[in-house]
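# Descriptive structure summary
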There are 2 protein chains.
Amino acid sequence: MAKTNAPTMKDVAKEAGVSLGTVSKVINGITVREEYKKKVEAAIASLHYEINTYARGLKTKKTGLVAVIIPNMLNPFFAALTDYIEDALYKKGLKTMLCCSDGIPEKEIAYLNLATQNKVNGIVALTYSDIGNFINPDIPIVVFDRFFENRNIPRVASDNYNGSMMAIEKLLELGCRHPVYIRFHSIFPGESDKRKDGYLAACKKYHITPDFLDMEDCDNFIDMMKQFIDKHKKSDGSLSFDGVFCHTDYHGYIFKKLLQKEGYRVPEDVQLIGFDGIRKFGGSKEDLFVSSMCQPLPQLAAKCVEIITTEDRSMIPSLTLLPVTFEDGGTTRSLKKG
Amino acid sequence: MAKTNAPTMKDVAKEAGVSLGTVSKVINGITVREEYKKKVEAAIASLHYEINTYARGLKTKKTGLVAVIIPNMLNPFFAALTDYIEDALYKKGLKTMLCCSDGIPEKEIAYLNLATQNKVNGIVALTYSDIGNFINPDIPIVVFDRFFENRNIPRVASDNYNGSMMAIEKLLELGCRHPVYIRFHSIFPGESDKRKDGYLAACKKYHITPDFLDMEDCDNFIDMMKQFIDKHKKSDGSLSFDGVFCHTDYHGYIFKKLLQKEGYRVPEDVQLIGFDGIRKFGGSKEDLFVSSMCQPLPQLAAKCVEIITTEDRSMIPSLTLLPVTFEDGGTTRSLKKG
C-alpha cells in the first residue's frame, strides 16, 4: 500500500479550482452547487484520485463520537455523571453516544467493538463487565471506578479511602463514640471497595472496635439492616451505636427510614453519613437525601474527558483520584460554635 | 445526476468474485485480506465504479444513530425518559447520540443539522426552542411534549388534560371539597399546558370555584407558594383549601414541605397530588416523592421510537397522547373499603 505520490484531496481542490471544503463535501455526499460538483468530479477523474485515498480518508476521519457506557439513567448518580460527561465532551467538540448497558453484556461488547472499527473516537466506561480483553490498546479509553485485569486502562474515581476516613472523623467530631459501617456491595471489584478499607483504617487510628454489616447486594437487604439494628438494641431499648457510615446515600436513606420507624431520632439519637452526594430531583442545588461524602461529579467527568483527549498517551496516569467533600444533609448534628 | 446504468456495488462484487460485504468493507476502509482488497480495487477500476456511487452509498448509508435532544440528565424525569428511549432504540438496532441542550440553543441547532447532513437517522427532541424551521421534512423526527409553529412535526405526550381531570376527581373521591391548583410554567408552549385546561374543566364539571396559583417559573416561586398559603388561612388558622393539585411532582414536594413547616398535616389536613411520577433514587420500584399522576415513560419512549422508525410516513399521527395513572405516594388518604 504505497502512499507515495498518490494525489491528495488538496491536489483535487487545486485542479478543480475549488476549496478543500468543497472537495470534502463532494466526497462525503454533501450537496454543493452542481457546477462545483462537476469540477470536482472531473478533477478526481483526471488525477486518478483513488478509492484507497477515500478509504484512508474515511478511516482516519474523526467521527467525533465518544461512547459513554454506563449501567442506566435511572440511578441519579449515573445520570448526573453522564450529564457532566456530555457537557465536557461537547466543550471539546465531541459528541456523546450513550450506551446503557445494565445487564446486557453483549451490548457493552458491541459498543466496545465500535471503537475498534473506528466508529467512535474514544470510550468512557462505567461497566460491570471485565472489558479489559476487548480493548484495542490504541483506543482512548477511561474507566470510572471499576478495576480490570488489564491494568493498562486508565481509571478515574473519587478518593474513596480518604472519603471514608473523613466520614468517620466527621462523626467523631460531631460527638459519636461508636460509629458503625453498613455496606452492600456488587460482586465486581472497584475503587469503591476502598470505602471499607478507609473505615477499618479510621477504626484503627481512633481505637474504635470495627462493627459493620458487609454483604453482597441482595433483594432482602432491608431485612439484613433490620437484623443489624435488632442486634444492637440494648436492654433499655437504646442502640449500642450512635453513628452510621453508609456505603451509599441510597442505603443511608433506607437505613435512616428504618431507624425512624423503630422510633430512633436522626440525628439526635443516631447520626448518619452516606456516600455519593445524590440530590432530590437531581439539580446541583437541591437537597441531599442524607448527609454525605459528595463525589465531585463535574470534576470527575472533566477528568475522564481530559484523559481520552490527551494527545501524549505517555502522560496519562493509570489512576486518578479526586477528593470528596462532606455536606450536611440533615442526618448529622451541627457543630456548636464558640 | 443520471443514475442509469452506472455500475453498482453488486457489479463490483461480481466482477471481483467476492461477496458484497467484502466490497462494502473495502469501500468503507475496513480491513480485509490483501488479495480481496486488490481484486475489489481492480474491479472498481475496470468497471469505472464512480465516486458518485460511493457518495450515494455514503449518503443513504444508515449511520444507525438517532439524536436525542433533551434539556439535561440532572432532572430525573428527563433522565428516566432518556433511559427508556435508549433502550427502545437499541431494540430497533439504533444507537443514541445524546445532546443535553439546556440553555444552549446553538447546541440544539448543531445537532439538528447533523440530521440534514445525514449523520443521524432521526431525532427525538424535548426542546425549548422552536426548532420547526430547522427541520428538513425528510428527516424522521418526533417531539416530546412541546408545540411548534411547524405543525407537521409529530408530537408525543402524556394525556395531560385527562390526567388533570383525573387528579381532581381523585381528590374529590378521597373527600376533598376545595381542591386548588399550583402551577409554575415555562415560557414555551407545550402539551403540559393542558393540565390547567383539565383543572378548569374539572372545576366546571363538579361545580368548584377555580382557585389557583398560575405563574411563570421564577427563582422566588417558594415565596409565591407561601403567599398563596397565607392568603388561604382562615381566622382559626385552618386552610380554606383541603386538596392541592400541583403541576409537577417537584412543585408538589416543595409545597408539601411548606405546608408541613406551617404545621398542616399531609394528607390529614390537606391532600396533595403532583404530576410526572418521579421516584426517589430513580428506579421504577422506588418511592414516589408525592402521590402523582404518573406519566408512562417506557410507553412514551417506545412510541417516540416507533414514530421515527415507521416506514410509511403517511401513517404517522401528528399527535399521540398516552394515558397517565394515579399512584399513591403518601400525600393522599386511602379510600375506606366497604
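Residues numbered from 1 in each chain as written. Chains lettered and ligands numbered in written order. Predicted model: local features only at pLDDT ≥ 70, side-chain atom pairs only at ≥ 80, totals over all residues. Heavy atoms only, no water.

In the nomenclature of an unreviewed UniProt entry, chain A is known as LacI family DNA-binding transcriptional regulator of Anthropogastromicrobium aceti.

Residues and elements named next belong to chain A. Chain-level statistics for chain A give a pLDDT mean of 87 and a share of 89% at 70 or above. Per-residue pLDDT stays below 50 along residues 51–60; that stretch engages in 23 contacts with residues further than four places along the chain or on separate chains. Note on the complex model: pTM 0.79, ipTM 0.77. (pLDDT = per-residue confidence, 0-100. Contact = heavy atoms within 4.5 Å.)

This next bit is on the relation of the copies chain A and chain B. For the match of chain A to chain B, the screw axis carries a shift of 0.2 Å, the RMSD comes to 0.4 Å, and the turn is 180 degrees. A rotation of that kind, with that shift, is consistent with a two-fold axis. For chain A, the residue whose C-alpha comes nearest the rotation axis is A:Met97, separated from it by 2.4 Å. (Least-squares fit on C-alpha atoms with pLDDT ≥ 70 in both.)

Below, the discussion takes up the interface of chain A and chain B. By convention, interface size is frequently given as the accessible area that disappears when the constituent parts associate. The partner chain B presents 53 residues to the 52 residues of chain A that form the contact. Of the roughly 4600 Å² buried where chain A meets chain B, counting both sides, 63% is carbon and sulfur surface. For A:Glu86, the salt bridge is made with B:Lys107, and the minimal N-O distance between the two is 2.9 Å. There are 12 residue pairs in polar contact (both at pLDDT 80 or more) connecting chain A and chain B. Within the residue set of the side of chain A that touches chain B, elements represented by two or more residues are helix 2 (20–27), helix 3 (34–47), helix 4 (51–60), helix 5 (76–91), strand 2 (95–100), helix 6 (105–116) and helix 10 (249–261) of chain A. By the bridge criterion, three bridges tie strand 2 of chain A to strand 2 (residues 95–100) of chain B in an arrangement that is antiparallel. (Buried area = accessible area lost by both parts, 1.4 Å probe. Salt bridge = Lys/Arg side-chain N within 4 Å of Asp/Glu carboxyl O. Polar contact = N/O pair within 3.5 Å; in protein donor to acceptor, adjacent residues only side chain to side chain. Helix = DSSP H or I, 4+ residues; strand = E, 2+ residues; numbered from the N terminus. Pairing = 2+ DSSP bridges.)

What follows covers the side chain of A:His247. With respect to the helices and strands, A:His247 occurs in the loop between strand 8 (243–246) and helix 10. Setting aside residues no more than four positions away along its own chain, A:His247 makes contact with A:Tyr181, A:Ile182, A:Arg183, A:Phe184, A:Ser192, A:Arg195 and A:Phe275.

On inspection of all chains with the given rule, the structure shows 38 salt bridges over all chains. In this structure, A:Lys205 and A:Glu169 form a salt bridge, with 3.8 Å as the shortest nitrogen-oxygen distance. Note that A:Lys205 is positioned in helix 8 (residues 194–205) and A:Glu169 in helix 7 (residues 160–173), a separation of 36 residues in sequence. We classify A:Glu169 as partly exposed; its relative accessible area is 25%. Between B:Glu191 and B:Arg155 there is a salt bridge whose closest N-O contact spans 2.9 Å. Of the two residues, B:Glu191 is situated in the loop between strand 6 (179–185) and helix 8 (194–205) and B:Arg155 in strand 5 (residues 155–158); the sequence distance between them amounts to 36 residues. Like B:Glu191, the residue B:Arg155 is buried in the burial classification. Among the ionic contacts, a cluster of salt bridges with common partners joins A:Arg183, A:Asp193, A:Lys196 and A:Asp214. (Buried < 20%, exposed > 50% of the residue type's maximum accessible area, 1.4 Å probe, protein only.)

Further remarks concern the packing of aromatic side chains. Residue and element names in this part refer to chain A. Overall, the coordinates contain 29 aromatic pairs over all chains when judged by the stated rule. Ring centres of Phe-77 and Phe-144 lie 6.4 Å apart, and the angle between their planes is 45 degrees; on these two criteria the pair is classed as tilted. Here the residue Phe-77 occupies a position in helix 5, and Phe-144 occupies one in strand 4 (residues 141–144), the gap between them amounting to 67 residues. Phe-144 shares its class with Phe-77; the two are buried. (Phe/Tyr/Trp six-rings, centres within 6.5 Å; stacked < 30°, edge-to-face > 60°.)

A few words now on the domain arrangement of chain A. Residues and elements named next belong to chain A. Along its sequence, chain A is carved into domain 1 (9–51), domain 2 (65–153) and domain 3 (160–296 + 322–327). With centres defined by C-alpha atoms, the gap from domain 2 to domain 3 works out at 29 Å. Each partner contributes residues to the interface: domain 2 has eight residues there, and domain 3 has 12 residues. The tally of links from domain 2 across to domain 3 stands at zero salt bridges. Put simply, domain 2 and domain 3 have five residue pairs in polar contact (both at pLDDT 80 or more) between them. No other element matches helix 5, which puts three residues into the side of domain 2 that touches domain 3. (Domains from an automatic or database assignment.)

Attention shifts here to the pairing of strand 10 (residues 291–294) of chain A. Residue and element names in this part refer to chain A. Alternating residues of strand 10 divide into Ser-291 and Met-293 and Ser-292 and Cys-294, and every residue in both groups is buried. Bridge count for strand 9 (residues 271–276) against strand 10 is four bridges, and the pairing is parallel. Residue Gly-274 lies in a different strand from strand 10, and its bridge partner there is Ser-292. Across three bridges, strand 10 lies against strand 12 (residues 325–327) in antiparallel orientation.

Residue and element names in this part refer to chain B. Contact geometry for helix 1 (residues 9–16) and helix 3 (residues 34–47): axes closest at 8 Å, N-to-C directions at 120 degrees. Taken together, the axis directions place helix 1 and helix 3 in an arrangement best described as oblique. The two elements helix 1 and helix 3 cross, and the hand of that crossing is right-handed. Contact residues: helix 1 offers Asp-11, Val-12, Glu-15 and Ala-16, while helix 3 offers Lys-39, Val-40, Ala-43, Ile-44, Ser-46 and Leu-47. Classifying every residue of the contact of helix 1 with helix 3 by side-chain character gives six nonpolar, one polar and three charged. (Axes fitted to C-alpha atoms, helices over the stretch in contact; angles between N-to-C directions. Parallel < 35°, antiparallel > 145°, perpendicular 65-115°, else oblique. Left-handed = near helix turned anticlockwise from the far one by under 90°. Nonpolar A, V, L, I, M, F, W, Y, C, P; charged D, E, K, R; others polar.)

Residues and elements named next belong to chain B. Here six strands make up an open sheet; going across it, the order is 7-6-8-9-10-12 and the pairing mixed. This sheet does not close on itself; its edge strands, each paired only once, are strand 7 (212–216) and strand 12 (325–327). With strand direction ignored, the average angle separating the axes of adjacent strands in the sheet is 20 degrees. Pairing of strand 8 (residues 243–246) with strand 9 (residues 271–276), which is carried by three bridges, proceeds in the parallel orientation. By the bridge assignment for strand 9, Phe-245 is matched with Ile-273. This element, helix 8, spans strand 6, strand 7, strand 8 and strand 9 of the sheet and lies at about 165 degrees to strand 6.

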